[in-house]
Each structure stands twice: as structure tokens, then as C-alpha cells.
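The residues making up each chain are set out below.
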Amino acid sequence: MDYNFREIERRWQQYWIDHQTYKVTEDRSKPKFYVLDMFPYPSGAGLHVGHPLGYIASDIFSRYKRSQGFNVLHPMGYDAYGLPAEQYAIQTGQHPAITTESNIKRYREQLDKIGFSYDWSREVRTCDPGYYKWTQWAFIRMFHSYYCNQAQQARPIAELTELFSRQGTRGLDLACNEPMEFTAEAWNAMSEKKQQEILMNYRIAYLGDTMVNWCPELGTVLANDEVSEGFSIRGGYPVEQKKMRQWCLRVSAYAHRLLDGLDKVDWTDSLKETQRNWIGRSEGAVMHFRTSRGIAFDIFTTRADTIFGVTFMVLAPESELVKELTTGEQREAVEDYIAKTKKKTERERMADKSVSGVFSGSYACHPFTGEQLPIWISDYVLAGYGTGAIMAVPAHDSRDYAFARHFNLPIIPLIEGCDISEESFDAKEGIMMNSDFLNGMTVKEAIPAAIDEVEKRGIGYRKINFRLRDAIFSRQRYWGEPFPVYYKDGMPYTLEESQLPLELPEVDKYLPTESGEPPLGRAANWHTGEGYPLELNTMPGFAGSSAYYLRYMDPRNDNTLVSEDANSYWRNVDLYIGGTEHATGHLVYSRFWNKFLFDLGVSCEEEPFKKLVNQGMIQGRSNFVYRIKGTNKFVSLNLKEQYEVTPIHVDVNIVHHDILDIEAFRQWNPEYKTAEFILEDGKYVCGWAIEKMSKSMFNVVNPDDIVEKYGADTLRLYEMFLGPLEQSKPWDTNGIDGVHRFLRRVWSLFYKEGDLSVSDEEPAKEELKSLHKLIKKVSFDIEHFSFNTSVSAFMICANELTSLKCSKRAILSDLTVCLAPFAPHLAEELWRTLGNSTSVCDARWPVWNEEYLKEDAFPYAISFNGKSRFVLEFPADVTNEEIEKAVLVHPNSQKWIEGKNPKKIIIVPKKIVNVVI
RNA sequence: GCUCGGAUGGUGGAAUGGUAGACACGCAAGACUUAAAAUCUUGUGGCCAUUAAGGCUGUGCGGGUUCAAGUCCCGCUCCGAGUACCA
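Residues numbered from 1 in each chain as written. Chains lettered and ligands numbered in written order. Predicted model: local features only at pLDDT ≥ 70, side-chain atom pairs only at ≥ 80, totals over all residues. Heavy atoms only, no water.

Participant: So what's going on with the packing of aromatic side chains? Residues and values would help.
Facilitator: Under the definition given, this model contains 67 aromatic pairs. For the ring pair Phe139 and Phe473, a centre distance of 6.0 Å and an interplane angle of 5° mean the geometry is stacked. Linking Phe139 in helix 5 (residues 129–143) with Phe473 in the loop between strand 17 (471–472) and strand 18 (485–488), this pair joins segments that are 334 residues apart in sequence. Residue class for Phe473 comes out buried when judged on its relative accessible area of 0%. Look at Phe677 and Tyr684: their rings are 5.8 Å apart centre to centre, the planes differ by 75°, and that puts the pair in the edge-to-face class. Judged on exposure class, the residue Phe677 and its partner Tyr684 are both buried. Every member of this aromatic cluster is reached through a ring pair, and the members are Phe33, Phe61, Tyr64, Phe70, Phe742, Phe785, Phe787, Phe794, Phe822 and Trp845. (Phe/Tyr/Trp six-rings, centres within 6.5 Å; stacked < 30°, edge-to-face > 60°. Helix = DSSP H or I, 4+ residues; strand = E, 2+ residues; numbered from the N terminus. Buried < 20%, exposed > 50% of the residue type's maximum accessible area, 1.4 Å probe, protein only.)

Right, dumping it as C-alpha cells:
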């Protein structure tokens, strides 16, 4: 019998379905382990060979943990809301739900062929009402919560109303959009509407006015990457910066905890660093300034020490202060400037390094010297960070320097010996000068000293600023979760939790309405029972993916997002595998969302993902043929220099080991039917290059094809064998034969000349050594996500056992269990072949025995190296004297030392012997 | 600009500070075959030597620490990824 992988894989996949082998329950008799993949967006193109890389790794890990006695939760689902389905709907009129459903079906078929151990009974889809009910529920809870900075916790908004009516804002430290102060009397005297408006300033999910890329022609907000040079990429319509009332999530309130939490998780340093930069903590001070006409405003600075170098002030063009501070004669110039900057997207403003700005006409008073400082307006200051206003210190900030040079403003150096003739001196080092009470201090001493003085004089205070901004949560789109929100008297109110889910309504078209409202504006009866209009925006993509890992714990529960029972058992994700591209998106939102649910007591762990591994991208390996210009003649790679040629991408599926299948090429495209070839050694050799895997490069390799040709087990092993999991690497089908050969070699350990031949004899020493070397190595490698080297270990073991002609049951049995996570189908088949009646998935992971790994020769010479040294291994308890004696009598060393008369034998730790001649 | 990675044969890649190049691809030779494919065996960093045995050299570049460096430290070069008027 040959290794018939098609038959084997079909049979056991069916068996696993029939016996629900991978279904898990909250079995409290076993320790839990939660292994999660980032769920995919089911795109129309289906899976290519790069997608399953992380899934295979997590599947190996899950199966390994299971065989170690853990109760493993390993679920899968779909991030089903998304733009491509909606765009397809706009073009074809097909409902996005239908497109999504058929894409999911295709994904599932492809995934099933690879033999994953998912518990599909727990599948979730973000577009399923039973699922998004809980996305909407979390939103309602965020709406009805505020963030208390003192307690560092989200609290019910009802508690805040209570506090306001008792003490006003006195003594409260709250996360908000704008700081407010009022007394209890003032609060109690306010109208209901006014109170609601004020509460909006504190809600965790709030309606706020934020700057967005607005495209009037398309009637929608666009993301930065959908805009180029002031025009929409789709359609080429003008885009402007517009302040719009949008739903936002107060992620910034959690900045501190999001930052601190990074110390408690086991992620790579680079990913943590990316998040730290994104959260962007900076320590500094807020300082109060006052114009000569008495208008007060605040700035934020991290360099309070440079206060005596301030020569002007700058406001962001969007700042509220611009109107107030612009004087009559400057009004026209200022308005002109603001109109110009408005046209640019934020991204363009960032890209455009040229200096621009306009004088406001006002002057600020220096808080220490009383000097008059001109107030300018420039787009190099961002409204969204700090207070939207800065004190400019041109000598020690490169941006201020460029601005001062451009507009001929004074520059005062503050650090002894610094050269500011060509550029500013930005480094935080040196001795202060020109700075009154700070003179003579180092910069590091001067920063706190300056802030102390500022606080003492009451002209400012210490402040930690975060770069992290609140998340804009509205989209003017159809294919997303509807907000459980209606409007009454212009104010938003949430639906009752019992009214959830609020299902996505049908619309006639998936475009904005004629009056520019989002697509939901087309829905009939889109209002509450009382006739109040419902929210027309939908939620963004990250809404549904923010808490899906919690829902997997209890996916069919209709009463709560996750029961306390299930949550207290599964707790959080022990291992999360996915791409780095989510570092500042999903992985921030998800952590925020979980912390909020933690504050609510719904999630019992503060961090959702304990360990996170980023799998690398698999790139494509493209092949080229070379057409001689102006002909239909193609020349082989190494002869192409003799002609003038055009390289043309050729489908990698008709190329083998860079040799073109000429017949297939002629069939591939009618244009090449009559193609002629100039061959080398009778073959057409193709060129190659590493590029992104995409249809247009003809380098997409479909996992289905690999499974069909080599089997799922070969695909799994080969994807792991390609290289380190975390590294990006090109797919190259060329090496796959080696892995396939290995599996056949394993098969032939069991089957000799077609017949099963397994003996019950006691294993020999060498066989045990080979097996236990494998168990040790593979156990270690799986724990360290080094799957490529464990595949190598299997190959070495199989080669050794083959040459030992091993067919001992005891050896083969353990080998099969080790192989099961990697090649589950083959392992299952062989396991049954050995006479087991239960699945290999239930077999226990073997434990290695160091006894078998010991070397028996003593001393054991490994090698000679260079002129004066050789390496010997001794058991640790051997004394140096014994070693010295042994070195001199050992045949290998004698042979080497012979005639050279060693002067000295040096034995260093780890029992390395150096012989000095 | 800043941050984080990386640089090892023809290729993908192995090496708790201890035989550099495991394992695999490719290539070469051989066996089987009418032939090819498949399979199996052997060889395979470079240079020199070859009847042998062997020798020299070698992990991007330059230093350093160490009995011992691909690995640790300092200074460069190049490549990749992320991020960026964040005051």
C-alpha cells in the first residue's frame, strides 16, 4: 500500500466531523488554554497560500497543548462587515449579505481542506444579528458611562448626574472633551437638554465635532488613504477638511492604562514599541498666556526650560482662538490662509514641509519678562494635539527655527556654545544661558526647575499628554452595525437593551441619499415605534472585531455577551496569532474595549491577549518569460542578453523549478498559441523575482491546488518549513518535494513493500536515542514557535530510523503522536494502523528521557579545532584531574597529540579542553 | 528624522559564547530503466593539494572583550519594516 494522502485525508476529515472531535466545553477538570487566530475578512478572491500560515502555526500549537492535557479553545469566525462587499453591492446591486455569505462558504471549504482543529460550533460572524447585538450593547454601555480619572475606571453616567447635582464639578477629575466648571446649583437649574449636552462632554461613547475628510460629491467621510492631493481617489471629486458631528469613543481616557498594560503582556518588543509610540506619552507643562488685550489661552510644552527663548507664539488654523485673536487689519489675510489650508487633507499637511503662516495681529505677554510676543497662525501646529497652540523657541526646535527664518523672527540661543547659524539645537543637553534663574543648570535640571517655578507663580501646571486620540466611530456606509440610537429634540438617546439587536434595514441602493445622507437614509420606517428617527451612520470595521474573543467563550448566549461562568473559565487569550498590520488599529481598540468591559465586570481580565505572535507575510515568487521585441519569440533566461527582450509575467502554475511548461504556456493565452522558443539544453528557463502575491503578477498559489497535488499534511509541513514563523518570506513551491518525500518516508517505516510491518520487539538503544532526541527537540521548538526547525528534526529522525530499519511499535507509536500536530491526517491513519481505537488527538504527548540521550563513550571526543584546542564533553561531575588523564589516554586525542608533546592542558568551564603545544 | 529588525553557500535557512553551514531545495556522479519520470546511493562553502593523508580560508566592514565570537561590546555600511510637523 502506498501513501494515498487523498484517501487518508478525506477519511479522517469526515471522521472528525462525525465524531465532533474538536468540540470543547468548559471542562473544569482540566486546565484551559485559549489559542486564537485573527479572524479573516472573507474577500472574494479566496485564500491564497500565504493566508493559512498563521492558522497552521496556531493549529499545531493547539494540538500540542491538547495532547499535553489542556482543554484547548481554538475557534474561528469571520470579520464579515467591510468595504469590498459594499462596493461590489454598489456596482452590481447584489446585497452585501449575499456576497459575504458566498465568500464565507468558499473560505470554509478552503480551510476545511487543510485539516484545522477548530471548534466550528463556536463560529461567529460580525454581521450576524445574534453577534452584533453585543456590539450594540457595548456601545450603549459606553454611552451610559463616563471615565473617572481618580479611580482610573469607567463608571455609570447615572452616578455622574448624581455627583453633579450634589457638588457640581468640584473635586471631580473626569475625562472629557473640554474642561468645564459649574456648581451644583447651576447644574440643577439647567434644562434637561442642557444637561444632556453637558453629559455628552463626558460619555465614553459621545457625539463630538471632529475634523474629517469630507467629500461633498460622494456624500461621505473618507479615510486618509482614500484621498490624494485634495481629491477623492474614487471619482476624483474635491475633498475638504470639515468639522462634523461624529460618534467617537473616548479611547484617550484609557491611554495611561493602555500604556501600562503593555508591561504585563508577552508581545514582541517591536510591537509593544509601536503601540507605545502610538499612545505617545510625553511629560511637560501647560502654561497660561494672555494677550495684550487680555485674552487668556494655554499652550503645552515639553521644554519649559526654554521659556526665555520664546520669540513668538503659533496657533493651529483650526484653533477656536484664531477668530478671537485676529485683529481687524489682519482678518482678510488670516481668512485667506485658513481657506487655503482647509483644502488640504491632514496627510498632505504632514507631507508638505514648506513653511507657511500668517500673523494674527495680536501679541501675547511673556509670563516672566512681560515682553510682547507676536501670535502667528500656521498649519505646522496641529489642532488635535496639546492645546492647539505653542510657544515657539526657534533656537531649540527645528520647526520653529524654519518658521522664524522664513518670516525673519528673532532667535535667542539658550545653551552655552550651541551653534544655531544653520540649524536649531534640539538636543536636550548642555548648560543654560540667557535664562535668568535657570542659568548655569544643565537642561535635564532646568526642565523640572522651570516647571516648579511656573507652578509656584501660578502660571501653569505639570501635565502628561498623550498622542492617542479618540476613535471616530461613525461611517456613512451601509454594510456595518447600525447604532442603537434615536434622536429626540436633536439629542441622541439609546434604545433599551431589550430592543437589541437593532437589525440592519433593507435599502433600495447602497449609495448616499440625494440630500447627502448616509445609505440608511433610504431605509423605509427607519425610526422607533414612537416615530423618533434612528441614527443613519453605521459603525466602523473595528467595532465587531473588538470583543469577538470574548464571544467565542459563549457564542450562543442570548442573555449576555459572555456568561460569568464561561468567562471565569476561559478568562483571556493565551496565544494570539496574527499580522503586525493591526498593531495600532485592532490591537489598540480591542485592548480599550476589553478594559472597558473589565471596568463593567464583564471581562475578568484586564488584558485580552497574553501572548501575541506575529506571523510574517508570504510574498509571491513571480516567473518571467522574455519576449524578443516585436516578435512572438521567447528566449530562455541565460540567452536573453543576446537579444532585446521584454520580460513578461507568466503564471507560476505552469512553471516547474523555473522550467516553463511550453505546451501549457501556449494554452495559457491565445496570444501565445503560435509562440516560438529559443531553448537552452532543450529547456526554457524562466527568470524570477519576489513580489507581492497578487493576481496581476500571476504568482498566486492556491492552497487547494497544493492540497490536491501533495495533500494537506504536506502543505502544513511545508508552510512551516519555509522559514521562521515571524519572518516574511516568499512562497516557493520548488522545495515542497522534500517535505512530501519525508511523509512518504514516515509511511514506509510502517509499510514495507506495501505490507504493514510493525514488530513488538524491544526498541534498540539507537532507536530510543533517535526518538527521544526528536521528542525533546520538537517539544522545545513548539514552545518557542520554531516550527521550521522541528520539521527538520522530524526529517532527521525519519532518516535515522529508516537507516536503522526500525519498525518497532514503541518507537513508531511515539513518533506518530509527535507528528500529529503537524500532519494530523497521516498521524491519525498511522495511529489507527497501530491498533488504537481512539483518535490520535486524544493521545498524550510523550515525555523524553534524558537517559537515552546520554553519550556512552567516555571521554567522548567531538572534534579537533585549530592548533591548540579540542572540544570534549564530560559529565559535569568529572574532576579536572580525571579529564587531563583521560585526554592523554584517549585514542583520538593521542592520535592528535602524537609527537607534539603538549606543554599544558587547560580545562575551562563546560569542560572544554585546550591543549597548548 | 526617529524606532525596531536584519545581513551566514547557487537558494530557503540551522547553530543555550564551544565542530559554522543542521535540514531541505538545486546541482553533479552512480544504481534501476529501451528511454524518460519517479525512486534510491554518494558528493556538494571557497581556494590549494589529491596516489593519499591533508592544508589554508571563511558568517556585510573596522576595532574590542574572551582560552574560545556568526553569537557579547563599540564604531560604520547596506537592506527591510513601522512611524512621523506630537511642541
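There's plenty left to go through after this.
Participant: Which residues make up the packing of helix 24 (residues 765–783) against helix 26 (residues 809–819), and what values go with them?
Facilitator: Relative orientation of the contacting elements helix 24 and helix 26 amounts to 15°, with a least axis distance of 10 Å. One way to sum up the angle between helix 24 and helix 26 is to call them roughly parallel. The chirality of how helix 24 crosses helix 26 is left-handed. Across the interface between the two elements, Glu767, Leu768, Leu771, Leu774 and Ile775 of helix 24 pack against Ala810, Ile811, Asp814, Leu815 and Cys818 of helix 26. Tallied by class, residues from the contact of helix 24 with helix 26 come to eight nonpolar, no polar and two charged. (Axes fitted to C-alpha atoms, helices over the stretch in contact; angles between N-to-C directions. Parallel < 35°, antiparallel > 145°, perpendicular 65-115°, else oblique. Left-handed = near helix turned anticlockwise from the far one by under 90°. Contact = heavy atoms within 4.5 Å. Nonpolar A, V, L, I, M, F, W, Y, C, P; charged D, E, K, R; others polar.)

Participant: Explain the pattern of salt bridges to me, and be specific about the residues and the numbers.
Facilitator: A complete count under the given rule lists 50 salt bridges for this structure. Among the salt bridges present, the one from Arg832 reaches Glu828, with a minimum N-O distance of 3.3 Å. Of this pair, Arg832 and Glu828 both sit in helix 27 (residues 824–833), four residues apart, roughly one helical turn. Side by side, Arg832 and Glu828 carry an identical accessibility label, which is buried. One salt-bridge network, in which partners are shared between bridges, spans Arg257, Arg591, Lys595, Asp599, Glu606 and Glu607. (Salt bridge = Lys/Arg side-chain N within 4 Å of Asp/Glu carboxyl O.)

Participant: Can you explain the side chain of Ser563? Please cite residues and give values.
Facilitator: Relative to the assigned elements, Ser563 resides in the loop between helix 17 (548–551) and helix 18 (564–570). Side-chain polar atoms of Ser563 contact the backbone nitrogen of Ala566, separated by 3.0 Å. Those residues in contact with Ser563, other than ones at most four positions away along the chain, are Asp554 and Asn557. (Polar contact = N/O pair within 3.5 Å; in protein donor to acceptor, adjacent residues only side chain to side chain.)

Participant: Account for the environment of Glu691, with residues named and values stated.
Facilitator: Along the chain, Glu691 turns up in strand 28 (residues 687–691). For the pair Glu691 and Val355, spaced 336 residues apart in sequence, the C-alpha separation works out to 38 Å. Beyond its immediate chain neighbours, meaning those up to four positions away, Glu691 contacts Gln619, Gly620, Ser622, Phe624, His649, Met697 and Asn699.

Participant: Quick one: what's the story with the environment of Asp842, residue by residue and with numbers?
Facilitator: With respect to the helices, strands and loops of the structure, Asp842 is situated in the loop between helix 27 and helix 28 (850–853). Looking at Asp842, the relative accessible area reads 56%, which means it is exposed.

Participant: Provide a residue-level description of unusual backbone geometry, including the pertinent values.
Facilitator: Geometrically, the link from Leu500 to Pro501 is a cis peptide bond, its omega value of -5° lying close to zero. Counting through the fold element by element, Pro501 comes out in the loop between strand 19 (491–494) and helix 16 (541–545). Look at Asp489: it is not a glycine, yet its phi comes out positive at around 60°. Looking at where Asp489 falls in the secondary structure, it is placed in the loop between strand 18 and strand 19. Residue Asp489 is classed as exposed on the basis of its relative accessible area, which comes to 58%. The phi torsion at Phe785 lies on the positive side, around 55°, for a residue other than glycine. One can find Phe785 in the loop between helix 24 and helix 25 (787–803). Judged by relative accessible area, which is 10%, Phe785 ranks as buried.

Participant: Explain a negative patch on the surface residue by residue, including any values.
Facilitator: Taken together, the side chains of Asp419, Glu422, Glu423 and Asp426 make up a negatively charged region of the molecular surface. Positionally, Glu423 belongs in the loop between helix 14 (398–407) and helix 15 (443–456). (Patch = residues over 30% accessible without salt bridge, like charges linked within 9 Å, V, L, I, M, F, W, Y side chains within 5 Å. Areas by Shrake-Rupley, 256 points an atom, 1.4 Å probe, with all protein chains shown as cover. Lys, Arg positive; Asp, Glu negative; His and termini not counted. Charge placed at Lys NZ, Arg CZ, Asp CG, Glu CD.)

Participant: Now, about the packing of helix 25 against helix 26: what can you tell me, with residues and values included?
Facilitator: At a minimum axis distance of 12 Å, the contact between helix 25 and helix 26 shows a crossing angle of 160°. When the axes of helix 25 and helix 26 are compared, the pair comes out roughly antiparallel. For the pair helix 25 and helix 26, the crossing hand works out as left-handed. Packed against helix 25, whose contacting residues are Phe794, Cys797 and Leu801, the element helix 26 presents Ile811, Leu815, Cys818 and Leu819 at the interface. Residue composition of the contact of helix 25 with helix 26, by class: seven nonpolar, no polar and no charged.

Participant: Can you break down the sheet that holds strand 1 (residues 32–37) residue by residue, with the values?
Facilitator: Across the sheet, four strands lie side by side as 2-1-20-21; this open sheet has parallel pairing. Of all the strands in the sheet, just strand 2 (71–73) and strand 21 (609–614) have a single pairing partner and so form its edges. Strand-to-strand twist in this sheet, taken as the mean axis angle between neighbours without regard to direction, amounts to 20°. With three bridges joining them, strand 1 and strand 20 (residues 573–578) adopt parallel strand pairing. Bridged to Leu36 within strand 20 is Tyr576. Sheet strands in contact with helix 2 (residues 52–67) are strand 1, strand 2 and strand 20, and its direction is about 170° off that of strand 1. (Pairing = 2+ DSSP bridges.)

Participant: Please set out helix 3 (residues 83–92) residue by residue, giving values where relevant.
Facilitator: Taken together, the buried positions of helix 3 are Ala85, Glu86 and Ala89. Seen along its axis, helix 3 keeps its buried residues to an arc of 100°; they face one direction. Just past helix 3, the residue Gly93 takes up positive phi, approximately 80°. (Arc of directions from axis to C-beta.)

Participant: Help me get a handle on the nonpolar core, residues and values and all.
Facilitator: Of all hydrophobic cores here, the largest spans 180 residues; its most connected members are Leu249 and Phe473. No other element matches helix 5, which puts nine residues into this core. Aside from chain neighbours lying at most four places away, what touches Phe473 is Phe139, Trp247, Cys248, Leu249, Phe483, Thr538, Met539, Pro540, Phe542, Ala543 and Trp593. The next biggest cluster of nonpolar side chains, apart from the first, holds 42 residues, and it includes Phe297, Ala389, Ile420 and Ala450. (Core = buried A, V, L, I, M, F, W, Y, C linked by side-chain atoms within 4.5 Å.)

Participant: Can you lay out empty space enclosed by the protein for me, pointing to particular residues and giving the numbers?
Facilitator: All told, the structure shown has two cavities of 30 Å³ or more when counted by the stated rule. By volume, the largest cavity is sized at about 90 Å³. The wall of the largest cavity is formed by Arg63, Arg66, Ser67, Val817, Ala820, Pro821, Val840, Cys841 and Ala843. Top contributing element to the lining of the largest cavity by residue count: helix 2, with three residues. Here the residues of the lining of the largest cavity sort into six nonpolar, one polar and two charged. Considered as a void within the structure, the second largest cavity measures approximately 70 Å³ in volume. Considering the residues around the second largest cavity, the lining is formed by Tyr131, Trp134, Thr135, Ala138, Ala543, Gly544, Ser546, Ala547, Tyr548, Leu561 and Trp593. Classifying every residue of the lining of the second largest cavity by side-chain character gives eight nonpolar, three polar and no charged. (1 Å grid on protein atoms, 1.4 Å probe; cavity = no way out; pocket = protein on both sides within 12 Å on 5 of 7 lines; lining within 4 Å. Points joined across faces, edges and corners; volume = space filled by probe spheres on them.)

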